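Working through the structure, step by step
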Amino acid sequence: MLNNLTVKKNIRTFSVSPENPTGEKGKGGMATEGSASYAARELGQGWKVNPFIVSQPGEISVLADIKGQGAIKHFWITDSARAGRLLILRIYFDGHENPAVEAPLSDFFANADYREYRQLSSLAMCVNPARGLNCYFEMPYFKSFRVEIENRGVHPCNIYYQIDCEEKEISPDSLYFHAQFRRTNPLPYKDVYTILDNIKGNGHYVGTYMHWGVKSNGWWGEGEIKFYIDGDGEFPTVCGTGTEDYFCGAYNFDVNGQYTEFSTPYSGMYKVRHTDGIYLSQRYFNLYRWHITDPIYFKEDLKVTIQALGWRSEGRYLPLEDDISSVAYWYSDTLDDVYPKLGDANALEII
């Protein structure tokens, strides 16, 4: 990528934030009244007067509504309340009525429960001290994009954000970015967990994030991930060998009898909630796998599933009934996919 910096380009850089909500040229930091008016009262215009918005309970706040052609290059956001799944992120492209991105804010950034900080250092997503959420997936648009946050909590929440963009001519073959959240809690006995289904069009799958709540003793990751591509029936074209294998680890992530966290450019396992033996009784694991150098290509349709599988007595597999959430990330040439309806605040809460 560094050699890409040596060539002239016909691109206009702009950024959308509370200090420049329209991204217009020369219009940043102009507020005379705003969320930090009191702090800036002796300094006035240009001195960080409006660095955040206040999202009220039950409200949908528009972070950006931009016309033109180009791409989102980087999205940084944080909130004051550690609201996590009570904030729902939606991104719409080209005036389409269905969101291409719909997920709890924390899950989209591969950090479902960020009440307990863990560093995430990858090419696609970074979570930096203390709760700086960053996405580097490029998101092209031909006519427009809109970014919204819905506050499903009962308290106001300060939201700081910056969406860095390029206004430019994009290729007619550019694909739309998508992200879809799902949760099953508990997974019914002998059911497989569906990460993605009913996806049509021509495109490629680029990433999986999972938040896995384990409800039994022993190792929980024997299950295989399966990609059903372009009309596959009962059996998939791509079939993995185990959960930790798909997330680029091995042998239960176990080093010297301990789960070992790791965060690399393309994969990781982190944020193990440690039990205290009294009230924190459940173990939760965050796992991510970015298909940046090895996308899963499809021309017509795609379905992705993973088994929840542990061990029982006498060396037999045990189908698990765990609390499993996921976000699937992909690019395609259509915006017509309709996602499963998100549950309410209770259905999303991590206990």
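Residues numbered from 1 in each chain as written. Predicted model: local features only at pLDDT ≥ 70, side-chain atom pairs only at ≥ 80, totals over all residues. Heavy atoms only, no water.

Next up on the list: the overall build of the chain. Of regular secondary structure, the chain possesses three helices and 27 strands. Computed over C-alpha atoms, the radius of gyration of the chain comes to 21 Å, within 12% of the 20 Å expected from 2.2 N^0.38 for 351 residues, which places it in the range of a compact globule. In terms of principal-axis extent, the alpha carbons of the chain reach across some 70 × 50 × 40 Å. Sorting the 351 residues of the chain into buried and exposed places 50% on the buried side. Of the contacts made within the chain by residues no fewer than 6 positions apart, 74% connect residues no fewer than 24 positions apart. Within the chain, one finds 34 positive and 45 negative side-chain charges whose respective centroids are separated by 3 Å. (Helix = DSSP H or I, 4+ residues; strand = E, 2+ residues; numbered from the N terminus. Rg over C-alpha atoms; globule rule 2.2 N^0.38 Å. Buried < 20%, exposed > 50% of the residue type's maximum accessible area, 1.4 Å probe, protein only. Contact = heavy atoms within 4.5 Å. Lys, Arg positive; Asp, Glu negative; His and termini not counted. Charge placed at Lys NZ, Arg CZ, Asp CG, Glu CD.)

Glancing now at the pattern of salt bridges. Applying the stated criterion to the full structure yields 14 salt bridges. Residue Glu102 is joined to Arg90 by a salt bridge in which the shortest nitrogen-to-oxygen separation is 2.7 Å. Separated by 12 residues along the polypeptide, Glu102 in strand S6 (residues 101-104) and Arg90 in strand S5 (residues 87-93) bring together distant segments of the chain. Each member of the pair, Glu102 as well as Arg90, carries the same accessibility label: buried. For Glu150, the salt bridge is made with Arg152, and the minimal N-O distance between the two is 3.3 Å. (Salt bridge = Lys/Arg side-chain N within 4 Å of Asp/Glu carboxyl O.)

A grouping of Leu123, Tyr266 and Ile292 is seen on the molecular surface, where their side chains present a nonpolar patch of about 250 Å² in accessible area. Secondary-structure assignment places Tyr266 in the loop between strand S20 (262-263) and strand S21 (267-270). Judged by its relative accessible area of 33%, Tyr266 falls in the partly exposed class. (Patch = residues over 30% accessible without salt bridge, like charges linked within 9 Å, V, L, I, M, F, W, Y side chains within 5 Å. Areas by Shrake-Rupley, 256 points an atom, 1.4 Å probe, with all protein chains shown as cover.)

This part covers the sheet that holds strand S14 (residues 193-200). One open sheet holds the four strands; their spatial order is S14-S24-S16-S17, and the pairing between them is antiparallel. A strand with exactly one partner marks an edge of an open sheet, and here the two such strands are S14 and strand S17 (238-239). Pairing geometry for strand S16 (residues 225-229) and strand S24 (residues 301-306), over five bridges, is antiparallel. The residue bridging Phe227 from the neighbouring strand is Val304, located in S24. (Pairing = 2+ DSSP bridges.)

Our focus in this paragraph is the nonpolar core. In terms of nonpolar packing, the biggest core is built from 59 residues, with Phe108 and Tyr329 touching the most fellow members. Trp219, Trp220, Leu287 and Tyr339 belong to the second largest nonpolar core, which has 33 residues in total. (Core = buried A, V, L, I, M, F, W, Y, C linked by side-chain atoms within 4.5 Å.)

Before going further, it helps to spend a moment on the state of the cysteines. Between two cysteines, a covalent bond joining their sulfur atoms is known as a disulfide. According to the stated counting rule, one finds zero disulfides in the structure shown. The thiol of Cys126 is not disulfide-bonded; the next cysteine sulfur, from Cys135, is found 9.9 Å away. (Disulfide = S-S within 2.5 Å.)

Applying the stated rule across the entire model yields 28 aromatic pairs. Between Phe108 and Tyr329, the ring centres sit 5.9 Å apart and the planes meet at 55 degrees, which makes this aromatic pair tilted. Of the two residues, Phe108 is situated in helix H1 (residues 105-108) and Tyr329 in strand S27 (residues 323-332); the sequence distance between them amounts to 221 residues. Both residues of the pair, Phe108 and Tyr329, count as buried. Both rings, one in Trp212 and one in Trp220, keep their centres 5.2 Å apart while their planes meet at 40 degrees; by these two values the pair is tilted. When sorted by exposure, Trp212 lands in the same class as Trp220, which is buried. Grouped by ring-pair contacts, the aromatic residues Phe75, Phe108, Phe109, Phe137, Phe177, Tyr270, Tyr288, Trp290, Tyr329 and Tyr331 constitute a single cluster. When the ring centre of Tyr92 is taken as reference, the NZ or CZ atom of Arg146 above it lies at 4.2 Å. (Phe/Tyr/Trp six-rings, centres within 6.5 Å; stacked < 30°, edge-to-face > 60°. Lys NZ or Arg CZ within 6 Å of the ring centre and 35° of its normal.)

Right, let's talk about the side chain of Asn111 for a bit. As for its position among the elements, Asn111 is in the loop between H1 and strand S7 (120-121). According to the relative accessible area criterion, Asn111 is buried, its value standing at 1%. With near-sequence residues (within four places) excluded, Asn111 lies in contact with Ser106, Val127, Leu133, Tyr209, Tyr270, Lys271 and Asn286.

When you tally the buried positions in S24, you get five out of six residues, the bulk of the element. By the bridge criterion, five bridges tie S14 to S24 in an arrangement that is antiparallel. By the bridge assignment for S24, Ile199 is matched with Leu302.

Bringing the side chain of Asp94 into the picture now. Relative to the helices and strands, Asp94 is located in the loop between S5 and S6. Buried within the structure, Asp94 lacks any salt-bridge partner; Lys143 is the closest side chain of opposite charge, at an N-O distance of 6.6 Å. Apart from residues lying up to four places away in sequence, Asp94 is in contact with Tyr141, Phe142, Lys143, Ser144 and Tyr176.

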